[in-house]
Amino acid sequence: MTTTGSALGFSTLDQELDETELPCHGQLPEWLEGDLLRTGPARFEVGKASYKHWFDGLAMLHRFRFHHGRVVYTNRYLRSNAYREAGAAGTIRRPEFATTPRPTLLQALRLSSRPKSGDNGNVNTSRIADHIVALTETPHPVAFDPDSLATLDSEALQPSLPGQLTTAHPHFDARRRCQYNYLLEFGRVSRYRLYRIDVGSTDPQVVATIDTQRPAYMHSFGMSDRYLILTEFPLVTNPLSFLLRNRPFIRNYHWEPERGTRFHVIDKDTGKVVKTAQADAFFAFHHVNAFEQDGQLCVDLVAFPDASVVEDLYLDHLRSGAAITATGRLTRCTIDLAGEGPVTLRALAGASVELPRFDYRGCAGQAYRYVYAAGSSPGASFFDTLHKLDLESGATDTWSEAGCYPGEPVFVPAPGTRDEDNGVLLSLVLDATAGHSILVVLDASSFAELARIKVPHAVPFGFHGNFFSSPPG
């Protein structure tokens, strides 16, 4: 049976290619030199066992190398422990976001420990010291060679701090020359630990620790010039449930809207929690940016009314062709740093969006104007539009094409300029009509298409990636 439409993006990709030059139609900027390195789920079955959720599939790396107007493509499965153990056993062996493997006989008899946590780096790519890594939401970064995409020994990159969960969205502070992230350690009293890793180092240093009785699921966090912002949505868990029940990870979390949403504002330099503020209940996967202005802290994110979006992203639903509600509203959460009032929420655009990006190089932690994102039109079965949102004028530019499903638009700034939208956007698009993917290059200023690059196969829908200017390592 032939898979059609957006469902093609949730089909396993078996083909791995090495150093394949791709045909390019259009004109690439002469200055565009470097690697777009993406990761995402690409194997959804192992033997007779199937993963349940989009977030579960085994990770595949994709490298698009831009050099002298040519684009060379390599793709390879990340040989994580999750991948290797599944291959050896012929079935799923490590738990993922919404899939729990069938226990072995020893586990069923309680003579063995629960399955080990996963290192299936299918969410994002980043850099730790001189290492390029694939990340997921467990603290197990997996290093890989940016040239061959071969998986490397990652033992030295495992955090020395205790914790079971983290984010695949670390923040880089160019002024302080360090990367920030957080770890969640489950316990009778659970702890969020925010930490920094200085440039050139792999050693984490604790910035702040916050105790919690009911840990929240947080896919990302915010960063302004002076502050880190942990946003606790009311999708929370009792850590004992992980010990007492062999349920998929996300099934241990429950929506408790009466808790509201809590914003913890932490001073980067002192580690002091300078403010804990409250808003009505809502949910988000992705923070966009945060900045301080006139005694207020503005925290921008993509907000959903509740956490039902998690249910919409199960594979059975995504493959059905039914309309999705997997996009939210770009929302500004304003915190009065001196006052006692609640957090105010204001929608910044009318379009429904997800997978937001902006000029991180020039605007991270600062006031900014433009956001780029994927979106879905009414009744669409998946993301079918790219948006440029002008937060000053309220204008929205769009790119779409019949039968095409775009992914995250990665902004690459032009060299030698500080203009916020002077650069290009790179979006990996499934052309379901043609049965393969294309990499679309848009001018970030005009939102006009500059070029499209044909990929020989259909790349399963992924989440995130980053552009690494030459040399990539």
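A. Region of the structure containing the overall build of the protein chain. A tally of regular secondary structure across the protein chain gives six helices and 34 strands. The C-alpha radius of gyration computed for the protein chain amounts to 21 Å, which stays within 12% of the reference 23 Å derived for 473 residues, consistent with globular compactness. Expressed as lengths along the three principal axes of its C-alpha atoms, the size of the protein chain is roughly 60 × 55 × 45 Å. Across the 473 residues that make up the protein chain, the buried fraction comes to 59%. Working note: accessible area of the protein chain is about 19,100 Å², and carbon and sulfur atoms make up 48% of it. Each charge class in the protein chain was averaged separately, 45 positive and 54 negative side chains, and the resulting centres sit 7 Å apart.

B. Focus on the sheet that holds strand β7 (residues 70-77). Strands sit in the order β1-β7-β6-β3-β34 across an open sheet of five strands; the sheet is antiparallel. Each of the sheet's edge strands pairs with one partner strand only, and the pair in question is β1 (20-21) and β34 (464-469). Relative to β7, strand β6 (residues 58-67) runs antiparallel, the two sharing eight bridges. Of the residues in β7, the one forming a bridge with phenylalanine 64 is tyrosine 73.

C. Representation of the pairing of strand β23 (residues 296-304) in the model. The element β23 is extensively covered by neighbouring structure, given that eight of its nine residues are classed as buried. Bridging between strand β22 (residues 283-293) and β23 involves eight bridges; their strand directions are antiparallel. Across the sheet, phenylalanine 283 pairs through a bridge with phenylalanine 304, a residue of β23. In sequence, β22 turns back onto β23 through a hairpin of two residues, with aspartate 294 there showing a positive phi of about 55°. Bridging between β23 and strand β24 (residues 328-336) involves eight bridges; their strand directions are antiparallel. Residue pairing in the sheet places cysteine 298 in a bridge with threonine 334 of β24.

D. Spatial organisation of the sheet that holds strand β16 (residues 222-223). A sheet is described by the order of its strands in space; here four strands give the open sequence β16-β17-β20-β21, paired in antiparallel fashion. Each edge of the open sheet carries a strand with a single partner, namely β16 and β21 (273-279). Pairing of strand β17 (residues 227-232) with strand β20 (residues 261-267) involves six bridges; the strand directions are antiparallel. Bridge pairing in β20 places glutamate 232 opposite arginine 262.

E. Examining the layout of surface pockets more closely. Approximately 840 Å³ is the volume found for the second largest pocket. Lining the second largest pocket we find 41 residues, and of these Glu96, Phe97, Thr138, Leu165 and Phe249 sit closest to its centre. The set of elements that each furnish at least two residues to the lining of the second largest pocket consists of α3 (240-244), β22 and β25 (344-357). Of the residues assigned to the lining of the second largest pocket, the class counts are 23 nonpolar, 13 polar and five charged.

F. Region of interest: empty space enclosed by the protein. Counted according to the given criterion, the structure contains three cavities of 30 Å³ or more. What the largest cavity holds in volume is close to 220 Å³. Counting residues per element, the ones that place at least two in the lining of the largest cavity are β8 (124-128), β9 (131-135), β13 (178-185) and β14 (190-198). For the lining of the largest cavity, the element with the highest residue contribution is β13, accounting for three residues. Of the residues belonging to the lining of the largest cavity, the class tally is twelve nonpolar, nine polar and no charged. Approximately 140 Å³ is the volume found for the second largest cavity. Considering the residues around the second largest cavity, the lining is formed by 19 residues, among which Arg38, Leu428, Pro460, Phe461 and Gly462 are closest to the centre.

G. Region of interest: unusual backbone geometry. The phi dihedral of alanine 129 falls on the positive side, at around 55°, and the residue is not glycine. In this structure, leucine 355 is a non-glycine residue whose phi angle is positive, near 50°. Residue placement: leucine 355 occurs in strand β25. The class for leucine 355 is buried, based on a relative accessible area of 4%.

H. The arrangement of the packing of aromatic side chains in detail. Enumeration over the complete set of coordinates arrives at 32 aromatic pairs. A cation sits over an aromatic face here: arginine 319 above phenylalanine 44, 5.6 Å from the ring centre. A cation over a ring is seen here: lysine 388 above tyrosine 370, with NZ or CZ 4.4 Å from the ring centre.

I. View of the environment of alanine 444. Residue position: alanine 444 is located in the loop between β32 (436-443) and β33 (449-454). Overall, alanine 444 belongs to the buried group, its relative accessible area being 0%. Through-space distance from the C-alpha of alanine 444 to that of alanine 7 is 29 Å; in sequence the pair is 437 residues apart. Contact partners of alanine 444, with chain neighbours within four places excluded, come to Tyr372, Lys388, Phe411, Asp421, Gly423, Val424 and Leu425.

Thresholds applied
- The numbers attached to residues start from 1 for each chain and follow its sequence in the written order.
- A pLDDT threshold of at least 70 governs which residues receive local features in this predicted model, and a stricter bar of 80 or more applies before side-chain atom pairs are shown or counted, although totals over entire chains, interfaces and linings include all residues.
- Side-chain measures here rest on the full set of heavy atoms in the structure, leaving out hydrogens and waters.
- Secondary structure counts use DSSP, requiring at least four H or I residues in a row for a helix and at least two E residues in a row for a strand, with both numbered from the N terminus.
- The globule rule is 2.2 Å times the number of residues to the power 0.38, and the radius of gyration it is compared with is taken over C-alpha atoms.
- To sort residues, take the accessible area from a 1.4 Å probe on protein chains only and compare it with the maximum for the residue type: under 20% means buried, over 50% means exposed, and anything in between is partly exposed.
- Note on areas: Shrake-Rupley, 1.4 Å probe, and residue coverage restricted to the protein chains presented here.
- For the purpose of counting charges, residues Lys and Arg are taken to be positive, whereas Asp and Glu are taken to be negative. His and the chain ends are not included.
- Each charge is placed at NZ for Lys, CZ for Arg, CG for Asp and CD for Glu.
- A pair of strands is considered paired only if DSSP assigns at least 2 bridges between the two.
- Cavities and pockets are defined on a 1 Å grid built over the protein atoms alone: a cavity is a set of grid points where a 1.4 Å probe fits but cannot escape, while a pocket is an open set with protein on both sides within 12 Å along at least five of seven lines, and lining residues are those with an atom within 4 Å of any such point.
- Grid points are joined across faces, edges and corners, and a volume is the space filled by probe spheres set on the points.
- When residues are grouped by polarity, Ala, Val, Leu, Ile, Met, Phe, Trp, Tyr, Cys and Pro land in nonpolar, Asp, Glu, Lys and Arg in charged, and all others, Gly among them, in polar.
- Any two rings among Phe, Tyr and Trp, with Trp reduced to its six-membered ring, count as a pair given centres within 6.5 Å; such a pair is stacked if its planes are under 30 degrees apart, edge-to-face if over 60, and tilted if neither.
- By the criterion adopted, a ring carries a charge over it if an Arg CZ or a Lys NZ lies within 6 Å of its centre and within 35 degrees of its normal.
- Should any heavy atoms of two residues lie within 4.5 Å, those residues are counted as being in contact.

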